[in-house]
Amino acid sequence: MQPLNHTSLYASTSIAGWSAFLPPNVLTNTELEKRLDTNDEWIRERTGIRERRVGGKTSDMAVEAGRRAITLAGIEPSKINMLVLATTTPDHIMPSTASIVHHRLGLSGASFDINAVCAGFVHAYIVTNSMMSTMGIDTAIVIGSDCLSSLTGNDDRTTTILFGDGAGAVILNKVTKKTYSGILGADMGTDGSGYDLLFCPHQGTIEMDGQEVFRRAVRATVASATRALELAGMKAGDISLFIPHQANYRIIQAVCERMGIAEDHTAITIETTGNTSAASIPIALSVALDEGRVTTGDTILMSGFGAGMSWSSVVVRL
Ligand code: UT7
């Protein structure tokens with residue numbers, strides 16, 4: 001697929017509200033040691049993960065994150081004209097989980113799910129922005145919510161240590177200001193020849209070739225993030241904060257090294273969340289906004305990679 005390469009495809013938008021939600025049930029490495037052939041030291045060294053949250057349900061977590069973001073934005077839910085929900089763990093095969101969340105939040109307009117696994121939130125962010133531009137939508141909510149911990153085999157130490165549950169939400173408002181804010185450059189891609197490197201059959205559990213996924217994650221993230229920066233006419237050094245998908249701390253390190261991005265310009269939340277799939281980037285973004293690491297006028301780079309294999313990156317001026 002040719003990358004999207006025209007900023008006029010997107011609406012000028014601002015992030016009016018945001019939120020992260022993690023379910024309360026904490027699963028530590030020490031607890032995993034008791035039931036799997038693994039140990040805390042190995043997990044921390046190889047992944048950077050100390051604990052993850054489990055037991056979440058996609059719609060419930062999405063509603064929690066959505067409610068908090070709406071409260072922060074201070075807007076009437078019925079003024080939100082569209083919900084795009086990135087998830088790989090829908091509550092049901094049909095209908096979309098977005099329709100359940102749309103109803104429970106009291107939104108108007110349309111809603112749908114996007115399944116691009118760990119790249120899902122960035123896909124949804126790009127799709128939402130371009131639909132805001134072409135369909136006259138003034139306010140939209142983008143949510144990433146996943147509970148991949150429910151799809152790991154009980155005795156599979158490779159996947160159980162990695163995946164956690166969570167949700168993150170952002171509210172986008174169309175703005176008419178002199179200075180454009182919103183998407184400056186975006187890239188999306190798929191390589192379906194690698195679909196079976198990370199997959200989950202119906203009624204089954206996640207199967208993964210960890211080493212190959214690791215290699216491809218580094219390569220594709222660097223290429224995609226670089227492409228998005230090129231389209232924005234920017235260099236890595238122009239970015240206030242890099243928000244990569246949180247799959248493995250070593251993947252983030254390798255990507256940062258290759259791109260010349262310092263760790264103090266990178267959002268890293270994986271230690272306490274694990275890999276929350278489509279939720280990882282909006283969670284990391286929400287934490288960064290809560291902590292004041294980025295604010296209006298700053299430029300961020302978000303980059304996701306996951307099963308498919310799928311990837312997407314977006315440069316956004318806040
Ligand atoms: O969102 C995208 C989703 N997925 C990913 O991004 C995953 C990408 N891959 C990874 O994160 C890493 O490949 C893993 C964390 C899954 C594995 O780390 P690794 O450094 O690639 O380990 P490895 O598979 O090369 O295994 C090294 C050793 C092996 O033992 P031997 O053969 O050297 O004796 C494994 O059997 O570590 C062993 N091992 C473990 N030991 C303790 C594998 N998993 C574990 C474990 N605890 N959980």
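The present account deals with the structure reproduced in this document. Note that this is a predicted model, so its numbers are computed, not measured. (Residues numbered from 1 in each chain as written. Predicted model: local features only at pLDDT ≥ 70, side-chain atom pairs only at ≥ 80, totals over all residues. Heavy atoms only, no water.)

Overview of the side chain of Thr 299
Then comes step 1: Residue position: Thr 299 is located in strand S12 (residues 299-306).
Then comes step 2: With sequence-adjacent residues up to four places away left out, Thr 299 is seen in contact with Leu 184, Met 234, Asp 238, Ile 239, Ser 240, Leu 241, Val 315, Val 316 and Arg 317. (Helix = DSSP H or I, 4+ residues; strand = E, 2+ residues; numbered from the N terminus. Contact = heavy atoms within 4.5 Å.)

Description of the sheet that holds strand S1 (residues 13-21)
Then comes step 1: Across the sheet, which stays open at both edges, the five strands sit in the order S1-S7-S6-S4-S5 with mixed pairing between neighbours. Of all strands in the sheet, those bounded by a partner on one side alone are S1 and strand S5 (110-114). Averaged over all neighbouring strand pairs, the angle between strand axes comes to 15 degrees, with direction disregarded.
Then comes step 2: Strand direction decides the pairing type here: strand S6 (residues 139-147) and strand S7 (residues 165-174), joined by nine bridges, are antiparallel. By the bridge assignment for S7, Asp 146 is matched with Gly 166.
Then comes step 3: Helix-sheet contacts for helix H4 (residues 97-105) involve strand S4 (82-86), S5 and S6, and the interaxial angle to S5 is about 140 degrees.
Then comes step 4: Across the sheet, helix H10 (residues 280-290) lies against S1, S6 and S7, angled at about 105 degrees from S1, the strand it touches most. (Pairing = 2+ DSSP bridges. Axes fitted to C-alpha atoms, helices over the stretch in contact; angles between N-to-C directions.)

Some words on the site of the ligand
Then comes step 1: For the ligand, the set of nearby residues contains 23 residues, the closest of which are Thr 38, Arg 46, Arg 157, Gln 211 and Asn 248.
Then comes step 2: Contact distances for the ligand include 2.8 Å between an oxygen atom and a side-chain N or O atom of Arg 46.
Then comes step 3: With respect to the ligand, the side chain of His 245 contributes an N or O atom lying 3.0 Å from an oxygen atom.
Then comes step 4: When the free accessible area of the ligand is taken as 950 Å², the share hidden by the protein chains comes to 74%.
Then comes step 5: Elements supplying a minimum of two residues to the shell around the ligand: helix H2 (40-47), helix H6 (157-160), helix H7 (210-232) and helix H8 (249-259).
Then comes step 6: In terms of residue count, the dominant contributor to the shell around the ligand is H7 (four residues).
Then comes step 7: Of the residues in the shell around the ligand, the class split is 11 nonpolar, eight polar and four charged. (Near = heavy atom within 4 Å. Polar contact = N/O pair within 3.5 Å; in protein donor to acceptor, adjacent residues only side chain to side chain. Areas by Shrake-Rupley, 256 points an atom, 1.4 Å probe, with all protein chains shown as cover. Nonpolar A, V, L, I, M, F, W, Y, C, P; charged D, E, K, R; others polar.)

Quick notes on the sheet that holds strand S8 (residues 182-190)
Then comes step 1: Taking strand neighbours across the sheet as the criterion, the four strands line up as S8-S13-S12-S11 in an open arrangement whose pairing is mixed. Sheet topology places S8 and strand S11 (241-244) at the edges, where each strand pairs with a single neighbour. When strand polarity is set aside, the average angle formed by the axes of neighbouring strands in this sheet is 10 degrees.
Then comes step 2: Of the strand pairs in this sheet, S11 and S12 are connected by four bridges, and their pairing is parallel. Residue pairing in the sheet places Pro 244 in a bridge with Ser 303 of S12.

Section: unusual backbone geometry
Then comes step 1: In this chain, Met 94 is followed by Pro 95 through a cis amide linkage whose omega measures 0 degrees.
Then comes step 2: Take Pro 95: it is sitting in the loop between S4 and H4.
Then comes step 3: Cis peptide bonds are those with omega within 30 degrees of zero, and the linkage from Gly 308 to Met 309 qualifies with -15 degrees.
Then comes step 4: Relative to the helices and strands, Met 309 is located in the loop between S12 and strand S13 (310-317).
Then comes step 5: Residues other than glycine seldom take positive phi values, yet Val 117 does so here, at roughly 50 degrees.
Then comes step 6: With respect to the helices and strands, the residue Val 117 is situated in the loop between S5 and helix H5 (120-134).
Then comes step 7: In the Ramachandran plot, Ser 277 falls in the positive-phi region, its phi being about 55 degrees despite a non-glycine side chain.
Then comes step 8: Within the element layout of this structure, Ser 277 appears in the loop between helix H9 (270-273) and H10.
Then comes step 9: Since its relative accessible area comes to 0%, Ser 277 is described here as buried. (Buried < 20%, exposed > 50% of the residue type's maximum accessible area, 1.4 Å probe, protein only.)

Nothing here speaks to function; it is geometry throughout.
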